[in-house]
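Per-entry structural report
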Amino acid sequence: MARDLEAFNGLSAVGVSRRFGAVHAVAGMDLRAPAGEVTALIGPNGAGKTTLLLILASLLAPDTGTVRIMGVDPSKDPSAARARIGWMPDTLGVWDSLTAREILTLMGRFYRLPKAAIAGRVTELLDLVNLADLADQHARVLSRGQQQRLSLARALIHDPDVLLLDEPASGLDPGSRVALRHILRGLAAQGKAVVVSSHVLAELDEIADRAVFVNAGRSVLAQSVEQAAAQGRRYAISALDPATLPAELARLGVQFESGSGRRGSVTVMVGTERDSAQLLADLVRAGVAVTAFAPAAGALEETYMSMDVEQR
Amino acid sequence: MSTEVEGPGPTPGTTDAGRHAGGLGAYWEGISAVVALEVRQRLRSRGWYILLAIWVVVIGFVTALTWSSWKVQVQAQGDFGVVAPGAAGQAPGSLIFEIVLAFVLLFGLLVAPAFSANAVNGDRAGGTLAILQVTLLRPGQILWGKFLASWLAGLAFLVVSIPFLLFGFLQGGLGMGHILVALLMMAVELGVVCAIGVGISALASRPLFSIVVTYLVVAALGVGTLIAFGLGSLVSQGTVQANQAYYKNTYVQEGSGGSDPAPGYPEMPSGITDQNNDYACYGPLTEQQAVRSDRVAWLLGMNPFVVVADAIPYPDRSTQGSYSQGVFESISQGARYVQAGPDATYQCAGGKITPLYLGQKAPLWPLGLGLQLALTAGILALGWRALRTPAGRLPKGTRVA
């Protein structure tokens, strides 16, 4: 199994556990994040996501289990592992009195980048996260979202193979979220293994290729977004005339419940995307003036809600 | 945010050459990057400048007060027509210098913990320590960088007090070597306190706690060593081989000692082993009770004031038979008396005359400074252990990030 881990191209953790005193923050988690894909780490507050990311980032030693970063064991050779890891913490931790450019330049020195290359790399990253205009402002005047983007640039300074992002989307405005999605997809396209922990499930469908669900310190389920989409999901449907829609659904023999939204929509459970297309076609053919027909929740959110997680 | 992702950037030590080359040079480069980070932050905090300004005002006030009090004293002596011995040639320089020196050292010891003892756990609380730890920096580089930065901040305080020390120097009465050694030793003492502060801040989880503990360590060095030495002397009673002292200029009253000795100066006793102008040692050596201060002198030696005072070179006064002058020289002499112990300082110990002034042969400060450095190294080593990652055990109540 060890050889299997060494050979795995990406980030892998097997049977990782870590306790703080009596608290088992992580009690047996498995995670595989292949290179070239975005892996989402999903779970409720206190599930152990941040602790797992700290272990993966080589900051915490696991009590049991093995971690391999592109085949490197961080407990044996932390330097080699760290040269390949980019870590963006959930606490922002910026040096208030330094400018964005200074912070990135110093990070370049901490990662022992060649001196001549640092200035160019910093400018490149400032452009990437759209902070070029604010590059010479003290970090304390940056908004939370801007600091978040600076933190992302900081994690990318040494062009890591593995990117660990702890709640990267929190505090970002919609425009920045879209940009973050593009950046992460771009990094995955370059062949990097990207791990994203997030609560914002709706947009993970767009970003992530696969997801690992964790709860109470354990990894509960690992599935790809395709698998999640194939397991059936709820669709919210509304029509111009609220009365015809339930009648037609009843005639088609589709189970439905009244939606919780304002506009009298109904929710139905649909097995596959093919089924949903068929249902829409049936409704339209029957003359129902359908105004909205969309998944009630993201595919991963559907899984998450069905897991019936307990919150700590 | 722009949406396109740039191609691969410069790659850090991923190549073996990048990671293993350099050795000491690469290690130092990491330290200097941490120093750059720390110093830049300090230079941009207003509190530091305020502290510096208060410092200048206080030291200036002390200097002015010392100088004017000396003027008043000289004037009073002039009014009464009394010329104190040596006053004609005695400049106020050494007085001003020593008082300013004592204040700079005292205040230096007081401010150094304030900007060193939150260096590591302050970052931990702010979430920025883990940012450093996750890079290629090694724990030693973080610790060294933080120590050097806080020491530099401490040295700034020393530098701004140089004009006042120079003022004392210009008033005369002191050699340049005196001042340079004093400054050097004060810089070393500030470094010791800063290193202790940084080490403790790596060990304790809360900045407030580590600052208080560092102050307690400074108090233990400054005051605790005196108390410990005093108590230690009480319990280190011992004996010394000595014979009798005979004072030559003692005038014996008529009839005081029976009828035999004639009035006037008594005869010298027989069996004199050693003598000077004042007294002679005579008779057989007997065991006498004495405080073995040499056994506890190391406690006194750890006092920062003793280290600084004892390291300053003073002119050799043993040939002139004169007493030491000035506070610091007296401290140095006192320390050497204590260190020499009763074998050298008890009257007629070993049948020898006790010298009035101990030469510079046996300084106490290397021992004291050595002990201070050993303590500092121990604390820093523990701090280094606490900074290692991947972290095994964490101090209670701390988060990695």
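Quick notes on the rules
Residues numbered from 1 in each chain as written. Chains lettered and ligands numbered in written order. Predicted model: local features only at pLDDT ≥ 70, side-chain atom pairs only at ≥ 80, totals over all residues. Domains from an automatic or database assignment. Contact = placed C-beta atoms within 7 Å. Helix = DSSP H or I, 4+ residues; strand = E, 2+ residues; numbered from the N terminus. Nonpolar A, V, L, I, M, F, W, Y, C, P; charged D, E, K, R; others polar. UniProt positions renumbered as here; feature names shortened; annotations may be inferred. Axes fitted to C-alpha atoms, helices over the stretch in contact; angles between N-to-C directions. Parallel < 35°, antiparallel > 145°, perpendicular 65-115°, else oblique.

As for the domain arrangement of chain A
For an interface, size is often stated in terms of accessible area lost upon the parts coming together. All names here are of chain A. Here chain A is described as being made up of domain 1 (2-226) and domain 2 (231-306). A separation of 37 Å is found between the C-alpha centroids of domain 1 and domain 2. Of the residues lining the interface, twelve residues belong to domain 1; the matching set on domain 2 comes to six residues. Elements with a minimum of two residues in the side of domain 1 that touches domain 2: β3 (38-42), α8 (204-207), β8 (210-215) and β9 (218-224).

With respect to the domain arrangement of chain B
Residue and element names in this part refer to chain B. Taken domain by domain, chain B holds domain 1 (24-222 + 369-387) and domain 2 (232-345). Tallying the contact residues gives 18 residues for domain 1 and 14 residues for domain 2. Among the secondary structure elements, those contributing two or more residues to the side of domain 1 that touches domain 2 are α4 (93-116), α9 (176-203), α10 (207-235) and α15 (365-387). Class assignment for the residues of the side of domain 1 that touches domain 2 results in eleven nonpolar, five polar and two charged.

Comments concerning the UniProt feature "transmembrane region" (unreviewed entry) in chain B
Residue and element names in this part refer to chain B. Those places that UniProt annotates as "transmembrane region" (unreviewed entry) correspond, in this numbering, to residues 48-70, 95-115, 147-170, 176-201, 208-231 and 364-387. In residues 208-231, helix accounts for 100% and strand for 0%; the two terminal C-alpha atoms are 31 Å from one another. When the span residues 364-387 is considered, its composition is 96% helix and 0% strand, and the gap between its end C-alpha atoms is 35 Å.

Quick word on the packing of helix α12 (residues 304-311) of chain B against helix α13 (residues 327-340) of chain B
Residues and elements named next belong to chain B. Contact pair α12 / α13: the axes reach a minimum separation of 8 Å and the direction vectors enclose 100°. By the angle between their axes, α12 is roughly perpendicular relative to α13. Counting all contacts with α12, which are made through Phe305, Val306, Ala309 and Asp310, the residues of α13 involved are Phe328, Ile331, Ser332 and Ala335. Looking at the contact of α12 with α13, its residues break down into six nonpolar, one polar and one charged.

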